[in-house]
Amino acid sequence: MWQKIEDVEWRPQTYLELEGLPCILIFSGMDPHGESLPRSLRYCDLRLINSSCLVRTALEQELGLAAYFVSNEVPLEKGARNEALESDAEKLSSTDNEDEELGTEGSTLEKRSPMKRERSHSHDSASSSLSSKASGSALGGESSAQPTGLPQGEHARSPQPCGPTEEGRAPGEKQRPRASQGPPSAISRHSPGLTPQPDCSLKTSQRSVQVSVTSSCSQLSSSSGSSSSSVAPAAGMWVLQASQCSLTKACRQPPIVFLPKLVYDMVVSTDSSGLPKAASLLPSPSVMWASSFRPLLSKTMTSTEQSLYYRQWTVPRPSHMDYGNRAEGRVDGFHPRRLLLSGPPQIGKTGAYLQFLSVLSRMLVRLTEVDVYDEEEININLREESDWHYLQLSDPWPDLELFKKLPFDYIIHDPKYEDASLICSHYQSIKSEDRGMSRKPEDLYVRRQTARMRLSKYAAYNTYHHCEQCHQYMGFHPRYQLYESTLHAFAFSYSMLGEEIQLHFIIPKSKEHHFVFSQPGGQLESMRLPLVTDKSHEYIKSPTFTPTTGRHEHGLFNLYHAMDGASHLHVLVVKEYEMAIYKKYWPNHIMLVLPSIFNSAGVGAAHFLIKELSYHNLELERNRQEELGIKPQDIWPFIVISDDSCVMWNVVDVDSAGERSREFSWSERNVSLKHIMQHIEAAPNITHYALLGLRKWSSKTRASEVREPFSRCHVHNFIILNVDLTQNVQYNQNRFLCDDVDFNLRVHSAGLLLCRFNRFSVMKKQIVVGGHRSFHITSKVSDNSAAVVPAQYICAPDSKHTFLAAPAQLLLEKFLQHHSHHFFPLSLKNHDHPVLSVDCYLNLGSQISVCYVSSRPHSLNISCSDLLFSGLLLYLCDSFVGASFLKKFHFLKGATLCVICQDRSSLRQTVVRLELEDEWQFRLRDEFQTANAREDRPLFFLTGRHI
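Described in the following lines is the structure provided in the data block. These figures come from a predicted structure and were not determined experimentally.

### Focus: the overall build of the protein
Reasoning step 1: A tally of regular secondary structure across the protein gives 19 helices and 38 strands.
Reasoning step 2: Burial status across the protein gives 53% buried among its 947 residues.
Reasoning step 3: By sequence separation, contacts in the protein at least 24 residues apart represent 75% of the contacts at least 6 residues apart.

This is the structure in structure tokens:
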């Protein structure tokens, strides 16, 4: 039984498990790479190494097999010079005696050694398998030179301490022994503890050679030798004598190494500068000298200087990983992120670099991970209950006739709108308990649920991502000049604003082919659009617009990998005051710069201008291409409006037993945005859909949510918009919050189709800067540092209330979100009697439900004949809202009204025009305004009670 191991099947798995075991270990067909051998190693025979083509790395690694650290806590005891010398020759020629000695005394090794013999190894050392790995550069071949023997009668003397070197010693380091007489013929090494740059020399009187191996002069590309060397031949050897037995002495001393004569001379001989001849060897077999006219290594070179020396004066061979890997415009021949780890033999370099790789791996893995929102869809129990479902489960695209029969799901399911008002319809019966527990006001800002996801190869990236593939895409390619772009004005008139809108495009030279100019470098005329009939898989037909603010560093605008290298048109929509900073970080991106009047506007203004610009461009392209014989309806009418936090896209694969079977399995995988876009763009009858979108990803997605491939419901975050069909449906340019919900309701009420692809999903990264967080509501009084709460966002007209530095629309929306129950007290948790909201959706908080109706002729509205409303909300109502329209609806007694207008005169005119005083009672004290100064154009609203 070996070492009390009772397992009869036990076999050693690591070299260190051979400790004390009498055996001969043969390394065959491999190069050592930092392996740690057991402390009981007595002899290391390296005479078979190929000494004709040695390099410094290989030589140091071979010698390192017999190197380890000896603690300097206890000084070596001096013994008689000639004691035991007579038996040394016998030991070298009698293997049996050695084995017997090892076998009998190996178990008492630790007890009897007065000096701790330490081997510095790391996690890898213990796991170095006995099945050695073959190396690419084998050191084979017989040695032609053998070590010479000692002259007869020569004996070793007790070692003398060596003096400190010019580099100095570490504090507390003890002096190392040296041999004063006797020619060396085998190298025995020990290193002086865990000191950073130890140095000891071994002098031989006969040869007058000093072997000085310091960390600065013998540091190889794999290790820097810091050791004292002693030499003895096979016929006779010198040893350090002590009073202990030979096994204990072996524990105190490193193994005896046998070397070929050529290698021995290379180690102990020095050149004119005092460096060992081994220092002139190539550092690695996979490199060669760049020039024969190179300076010599200096004895005073530090580790870093030696590293730079080899990088400067060597070039990679074809077998080297850097061969042919020179970056364009780079003058050096090495990769800037290649690392050279150096240190004495057996100091633990392998463990150190594995630990370093472990830390680096964790860092790199963290860089390839993002926190994405992982929230379950809300209001699942309130889905529309209808006889119509899309049962063609295997359809890759929606069937137009079947899809038209689906009812529109008014309920919002996106979890970011957890605190938004429910939208009622005639299909549902809402109970208070179905709404779920509303979050308390103090919980509104609690961190939303996220999951850490590994970025796939199809992810969108921010400005911190750098790789060789997308350098040109980002504009950092040497062939392109940074900021080589031009500014172009683009103007069009819009009747609702009553003036001409002038936008500016920043177009890099590399992207000018996407546009039409009157002449090269001339006036910008239009943005090129493809044809509906184009079937090419090389590009994405829909231009992508990404409105963004405050996220020049963190916005995910690098779509190169997401688009899988496909050609696409991507436009960043930025505010004028942020133009310069976005241009600095994204020099190769097209930018649409909003007019300065929208510097303080919300996302609604960006969406509004994107849509109106795109429709105007569609008309220009139709006119231009009509001259080329192309029909206007053949011009591609879709654009993509994407949030700046969309990071990855996924597809659900469904395996169903049958078309109508309830039993099916599904799995989700990551795909490129190119895959999703080209699939959607290839849908038949796609031009009949006004708005298309994707499901928001969640790990909690249920099978019921992906069973039906398509839904007629709200779409958010990443939408594909038909600007032709939605010509007469506008985004509200004043909105800051919920503008997508408001637009979805307008599109549906116009009789248009909204389609969500349930088997495609988008992941949204959590970005804690920019976006809606860019808007801070503060007091206009500079010395007032008190926090402003939502209750202070409105005040009575002509009062001495503290005015706030924030847009009036933002104050209004924030106030209604938190305090609308003051205006609609009967509506609180009264889902059977919602607030009637005409032509707009405003978030009145999660405890109040709203019913959206459109005043436009021929609009699709829910049947309200059997509904009693608890309130009426009229927000900037236009001429389509008339007294006769409002008389169709019925209200509870005591229901409340809120009319919102741009100024006080419009407020009074609206009350008169809509004949509100016939059914509603108003009081002077019920008039309010947002807490804005007059120059900031506050909004005014009037509340009343139903008679």
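This is not the end of the story, as more comes after the structure.
### What to know about the pattern of salt bridges
Reasoning step 1: All told, the structure shown has 29 salt bridges when counted by the stated rule.
Reasoning step 2: Between R622 and E619 there is a salt bridge, and its shortest N-O distance comes to 3.6 Å. One end of the pair, R622, and the other, E619, are both in helix α13 (residues 603–626), 3 residues apart, so they sit about a helical turn from each other.
Reasoning step 3: A residue is classified by how much of its surface remains accessible, and R622, at 13% relative accessible area, is buried.

### Points about the sheet that holds strand β34 (residues 849–853)
Reasoning step 1: Sheet architecture is open: 8 strands sit in the order β14-β34-β33-β35-β36-β38-β37-β31, paired in mixed fashion. Strands with a single pairing partner mark the edges of an open sheet, and in this sheet they are β14 (422–423) and β31 (794–795).
Reasoning step 2: Pairing of strand β36 (residues 890–901) with strand β38 (residues 940–946) involves 6 bridges; the strand directions are antiparallel. Paired with C898 across the strands is T943, a residue of β38.
Reasoning step 3: Where helix α17 (residues 808–819) meets the sheet, it contacts β31, β35 (868–875), β36, β37 (920–930) and β38, and its direction lies at approximately 120° from that of β37.

### So, helix α16 (residues 739–749)
Reasoning step 1: In terms of burial, α16 is a largely internal element, 11 of the 11 residues being buried.
Reasoning step 2: Contacts made by the buried residues of α16 are with β14, α13, β26 (691–696), β28 (718–722), β29 (754–764) and β34.
Reasoning step 3: At the exit of α16 stands G751, carrying a positive phi of roughly 85°.

### So, the pairing of strand β17 (residues 499–508)
Reasoning step 1: Looking at chain direction, strand β16 (residues 485–494) and β17 are connected through 10 bridges and run antiparallel. Along β17, the bridge assignment pairs A491 with Q502.
Reasoning step 2: Bridge analysis of β17 against strand β22 (residues 590–593) gives 3 bridges, and the strand direction is antiparallel. Bridge pairing in β22 links I506 to M591.

### Things to note about a nonpolar patch on the surface
Reasoning step 1: Together, L339, L341, Y353, L354, F356 and L357 line one region of the surface with nonpolar side chains, adding up to about 530 Å² of accessible area.
Reasoning step 2: Inspection of the secondary structure assignment puts L341 in the loop between β12 (314–316) and α9 (349–367).

### Observations concerning the environment of G770
Reasoning step 1: By the secondary structure assignment, G770 is in the loop between β29 and β30 (778–779).
Reasoning step 2: On the accessibility criterion, G770 (10% relative accessible area) is buried.
Reasoning step 3: For the pair G770 and T548, spaced 222 residues apart in the sequence, the C-alpha separation amounts to 8.2 Å.
Reasoning step 4: Excluding residues within four positions of it along the chain, G770 makes contact with T549, G550 and R551.

### What about the packing of aromatic side chains?
How two aromatic rings sit relative to each other is set out by the distance from centre to centre and by the angle between their planes.
Reasoning step 1: Following the criterion strictly, the structure yields 26 aromatic pairs and no others.
Reasoning step 2: Aromatic side chains F557 and W586 sit 5.3 Å apart centroid to centroid with 80° between the ring planes, which places their arrangement in the edge-to-face category. A residue pair is termed long-range when its members are at least 10 positions apart, and F557 in the loop between β20 (544–547) and β21 (570–574) and W586 in the loop between α12 (579–585) and β22 qualify at 29 residues.
Reasoning step 3: Among the residues examined, W586 registers a relative accessible area of 0% and is labelled buried.
Reasoning step 4: An angle of 15° between the planes, with centres 5.9 Å apart, marks the rings of F757 and F760 as stacked. Both residues of the pair, F757 and F760, belong to the buried class.
Reasoning step 5: Three or more aromatic residues joined by ring pairs form one cluster here, namely F869, F885, F889, F891 and W920.
Reasoning step 6: The side chain of R448 reaches across the aromatic face of Y373, ending 4.0 Å from its centre.
Reasoning step 7: Taking NZ or CZ as reference, K511 lies 5.5 Å from the ring centre of Y473, over its face.

Basis of the calculations
- Residues numbered from 1 in each chain as written.
- Predicted model: local features only at pLDDT ≥ 70, side-chain atom pairs only at ≥ 80, totals over all residues.
- Heavy atoms only, no water.
- Helix = DSSP H or I, 4+ residues; strand = E, 2+ residues; numbered from the N terminus.
- Buried < 20%, exposed > 50% of the residue type's maximum accessible area, 1.4 Å probe, protein only.
- Contact = heavy atoms within 4.5 Å.
- Salt bridge = Lys/Arg side-chain N within 4 Å of Asp/Glu carboxyl O.
- Pairing = 2+ DSSP bridges.
- Axes fitted to C-alpha atoms, helices over the stretch in contact; angles between N-to-C directions.
- Patch = residues over 30% accessible without salt bridge, like charges linked within 9 Å, V, L, I, M, F, W, Y side chains within 5 Å.
- Areas by Shrake-Rupley, 256 points an atom, 1.4 Å probe, with all protein chains shown as cover.
- Phe/Tyr/Trp six-rings, centres within 6.5 Å; stacked < 30°, edge-to-face > 60°.
- Lys NZ or Arg CZ within 6 Å of the ring centre and 35° of its normal.

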